[in-house]
Amino acid sequence: MKQQEPTTLGISRLPDAQQRQRRAVKRRLLDSLWYGLISLAGVTVIVALLAIFIYLMSEALPLFKPATAELRPLPVTPETSLAIPPRAVMDTAISAEVLQQFALPLSFSIDFQLQDALKRYVILANRSGEACLLQLSRPTAGCIQRLSLTDRTVSLTAITWLAGQQSLITGDNSGQLKQWFLLADKDGQVRLSWVKPFQQRNAAIVSLAAEPGRSGFAVLDAAGGLSLFYSTLSKPLWQKRFPDMAAARAAPDELRFNATNDQLWLLKQEQALSFLAVQNKHPEISWRTLWQKVWYESWQQPEYVWQSSGGAEFYQGKYSLVPLTVGTLKAAFYAMLVAVPLAILAALYSVCYLAEPLRSRLSNLIELIALFPTVIIGFLAAIWLAPALEQHLLALLLFVAITPLLVFLLAKYWAVLPAFLQRPTGSKLTLLLMLLLLLLSAAAAFGLAALAEYYFFDGSLQSWLSKQGIDYQQRNALVVGLAMGFAVLPVVFSLSYDALAQIPKQLTLGAYALGANQWQIVQRIMLPVAAPGILAAMMLGLSRAIGETMIILMATGNNPITNFNVFEGLRSLTATLAIELPEAAVNSSHYRVLFLVAILLFIFTFTCNTLADLVRQRLRRNLQRLD
Amino acid sequence: MQFSRFSVLGLLACALLLPGYVSAGQQAAADFAEQEYPALSSPALSKLTGTLSSNGSDTLHNMMMLWRREFVAKHPQLNIQIQSSGSATAPVALIEGTASFGPMSRPMIMAEQRRFRNRFGYDAYAVPVALDMLALYVHQDNPLQQISMAELEGVYAQNRRCSYHPAVTLWGDLGLTGAWQFRPLAVYGRNPASGTYAFFRQRALCNDDFQNKVQQLPGAAAVVRAVSLSVNGLGYSGFGQQIAGVKMLAVSKDPESAAILPSAEHALSGAYPLARLLYIYVNKPPAQLLPAAEREFMRFILSAKGQQLLLSDGLVPIPEELVSQISQELGL
């Protein structure tokens, strides 16, 4: 810095008071400007996070809005939008000629007859509750099943198919409602089977109406009670009593929905009495259907099912979040199983055993893995790893078992090794030795696997597994575990590495001075002190594994299975979002459930990250105390 | 230094691997005579400009690319964007107005049409553009030659309501012996957004649910590739998707009738049970013509040349009568 030139008067000019003040003002202004900008950025981040969460909530919450309906009088002048909806087409019966071909029991009077969706079975029923199942292709067989649809003491008053003609709802004069499916028994014989009751009504059922296009129905009872049900829930979605409707003069005898399910018409002898404006957008979603087993139409038993759309009319969307949550946790679990031991051992090795130039090079190399785009890892996993693993599964399992064994052997006979190999651990030579050991163990694993498959598993482990009842799918959780483990490894490694490297030198040096050996220091000092940091690294790795999309999407079959079998596939929350968001119609139940999936994912990763941070803060406090 | 060398390698790997996965890598040998798509009389139409976009069926993806390539060669100032993540995305895109073409491998269902009608006041207009056959693929080493529709149901369906065929889990259940007898099936299919999924579900499963173990792959080519990599694999995909390493199965309608391999002739006669029409949905108000560029593209697709291009992708041109009827309705 050059001194300011003296002026002609010979005195250096100091900044005058005014100038100084101006500068101070300027500085203060800049100061507060920066302060403002920084806090604005901080606040923006927090607000954005909150806004995302609120937006997700606002899209998902309408799912749980209870159904409502209100009675509206008929308009004086008929409007086109308010016409009586036509009778549903599925009520059409089979012709009398067809019926005559069947050898029916003589005493059987037919009050109701219904044909299934595939036009192969007909159900005949009468008011006393007797029913008879006919198979249209076998007229001579007569009733292939006779059963009672009521408890014999009460009489059947109403019966209807739900949309899609796969399940039957019956109502009797004691107010009971039951659901029936046509199911094949063990011998392949089709039977009308009782599935479940719905909550009993207070009076005799007068009429049932199925919602077109989805599996809901409305019930009218003799006491003027109206209720709306959905086939997967036994409790009504909405119910109300209209006592004056029970009065004889105004009593409706039929209910009918319009095509969009927002009007429920009350009719008496085909004449409209009034209608209900119904608000029931998402009847198929409730906490129960999302988290519990549900008995869907035509299924043999209740299950957790995710099959969101069928691209067909009358599709009953199946939205169980259980398979997706299990899939996400399963993938994360196996990925952690692969990544955590490798990453932590690698971090321990680099910090405690490796000498300096090698140490930083190796850790840089591992951290480089994080730069791999996950789409490439997923691609390799699907195209190369999955088929390779299918062929060499046994070899991999043996490799995992043999390697530690060989290490123990090597350790045992270390002293026998030539002196130049016994140099300090962490040299290039020991690294090479270990690589050699890995190669040896791989070769042994491959050789043994070929022998074992030939002698113990009839030539193929997969066939043997399938005989034991274990399904082996090519794109399974093991493939995901290995591929995603590879992706998570650098995260866990670098954080564990930092945690271990931060341990104050005086601790280890002190221990050395007291005569501790390397392993004692690792075991008694390094690990306990760094434990919170390592735990935090694991939590962050877990959160990365839960949020990972591309690897799971590509390396699995995306089949929504609810189990933890390592040899079967899975479908994760993330992959579901990636696959299904483009197809979901805006504001449909499917769309909103996907938002729910996003919230779930948000909660998972948020919890993991928060826990990791809390643990890390503890580590920092511990270290400060040590200093 | 080390760092940068590695990142360059990574980028190289990206550049090499990614396109191979994304596009099915199918090159069509398309050299067709010029006169089959007659030049336009109106000079105004010969310089179409702007951007058109298409969003929908993955089955039609290769075809849309082919049609675009040929069409854009004629109208270089026109840009056509193609996105193909499944038929179910087409109605969504048409309703939101983000696409002017909605290729679909199945007809729109009532709920989709209703949503469209609520928005525009009329139905979306379906233009049938091709005839497609779904083929069943197995690994090339698989000795199986044919499969019946009932057996397919046994393989794929959860409740098997169509034929009540017993569940098929091992290749032995399909009649194979020896090493294959106890080999389990690995079953592949499409994701629910796909029209192929919906069509297969309707035709082979009587609208039953798929089993949970059916692996869902996002893409027609991905299914075939998965089968080629898995010895015990079985998957359904378009006829045109065949690659080395897989074998097509002959399909029989019922146990009595003969099993037939998919072919153009059997698709047209209706003998092959898994044949279907492919559509392009457009937003055409009744009694109005489509905008010039869109109309011109449809005219090209339905022209003799556009239809001939189908053959190179394993699809079948639609019958003449259907073409002339549609052309009339569209005012081509």
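Rules used in this analysis
- Residues numbered from 1 in each chain as written.
- Chains lettered and ligands numbered in written order.
- Predicted model: local features only at pLDDT ≥ 70, side-chain atom pairs only at ≥ 80, totals over all residues.
- UniProt positions renumbered as here; feature names shortened; annotations may be inferred.
- Helix = DSSP H or I, 4+ residues; strand = E, 2+ residues; numbered from the N terminus.
- Rg over C-alpha atoms; globule rule 2.2 N^0.38 Å.
- Buried ≥ 20, exposed ≤ 12 C-beta atoms within 10 Å, placed from the backbone.
- Contact = placed C-beta atoms within 7 Å.
- Domains from an automatic or database assignment.
- Nonpolar A, V, L, I, M, F, W, Y, C, P; charged D, E, K, R; others polar.
- pLDDT = per-residue confidence, 0-100.
- Pairing = 2+ DSSP bridges.
- Axes fitted to C-alpha atoms, helices over the stretch in contact; angles between N-to-C directions.
- Expected span 1.5 Å × (residues − 1).

- If you look chain A up in an unreviewed UniProt entry, it shows as ABC transmembrane type-1 domain-containing protein from Alishewanella longhuensis.
- According to its UniProt record, chain A has this under Subcellular location (unreviewed entry): "Cell membrane".

## So, the overall build of chain A
In step 1: Per the secondary structure count, chain A includes 15 helices and 18 strands.
In step 2: A globule of 627 residues ought to have a C-alpha radius of gyration of about 25 Å, yet chain A, at 36 Å, is considerably larger.
In step 3: Here chain A holds 627 residues, and 38% of them are scored as buried.
In step 4: Considering only residue pairs separated by 6 or more positions, chain A has 64% of its internal contacts joining residues 24 or more positions apart.

## Some details on the domain arrangement of chain A
Residues and elements named next belong to chain A.
In step 1: One can read the domain layout of chain A as domain 1 (71–303) and domain 2 (321–626).
In step 2: If you average the C-alpha positions of domain 1 and of domain 2, the two centres end up 54 Å apart.
In step 3: With five residues of domain 1 at the contact, the number on the domain 2 side is five residues.
In step 4: Looking at the side of domain 1 that touches domain 2, its residues break down into three nonpolar, one polar and one charged.

## Thoughts on the interface of chain A and chain B
In step 1: If you look at the interface, chain A gives 44 residues, while chain B gives 50 residues.
In step 2: For the side of chain A that touches chain B, the elements supplying multiple residues, two or more each, are α5 (356–368), α6 (374–391), α9 (461–467) and α14 (573–580) of chain A.
In step 3: Here the side of chain A that touches chain B is composed, by residue class, of 18 nonpolar, 19 polar and seven charged.

## Things to note about the confidence of the model for chain B
In step 1: Per-chain confidence: chain B averages 83 in pLDDT, with 86% of residues scoring 70 or above.
In step 2: Note on the complex model: pTM 0.84, ipTM 0.79.

## Re the environment of L329 of chain A
In step 1: In this structure, L329 of chain A sits in helix α4 (residues 321–353).
In step 2: The spatial distance from the C-alpha of L329 of chain A to the C-alpha of M57 of chain A is 23 Å, given a sequence separation of 272 residues.

## So, the domain arrangement of chain B
Residue and element names in this part refer to chain B.
In step 1: When cut into domains, chain B gives domain 1 (48–131 + 277–330) and domain 2 (133–275).
In step 2: Distance from the C-alpha centre of domain 1 to the C-alpha centre of domain 2: 28 Å.
In step 3: With 16 residues of domain 1 in contact, the opposing surface of domain 2 contributes 16 residues.
In step 4: Counted by class, the side of domain 1 that touches domain 2 contains five nonpolar, eight polar and three charged residues.

## Quick word on the sheet that holds strand β2 (residues 112–115) of chain A
All names here are of chain A.
In step 1: The four strands lie next to each other as β2-β3-β4-β5, forming an open sheet whose pairing is antiparallel. Strand pairing shows two members of the sheet lacking a second neighbour, β2 and β5 (143–148), which therefore form its edges. On average, adjacent strands in this sheet sit at an angle of 20 degrees to one another, irrespective of strand direction.
In step 2: For strand β3 (residues 121–125) and strand β4 (residues 130–135), the ladder comprises five bridges, and the chain directions are antiparallel. Among the inter-strand pairings, Y121 is bridged to a residue of β4, identified as Q135.

## A short note on helix α8 (residues 428–456) of chain A
Residues three or four positions apart in an α-helix share a direction because the helix packs 3.6 residues into each turn.
Residues and elements named next belong to chain A.
In step 1: Its 29 residues give α8 an end-to-end C-alpha distance of 41 Å, which sits within 8% of 42 Å, the value for a rise of 1.5 Å per residue.
In step 2: Every buried residue belonging to α8 is among S441, A445, A449 and E453, and all of these are buried.
In step 3: Following α8 by one or two positions, D458 has its phi on the positive side, about 55 degrees.

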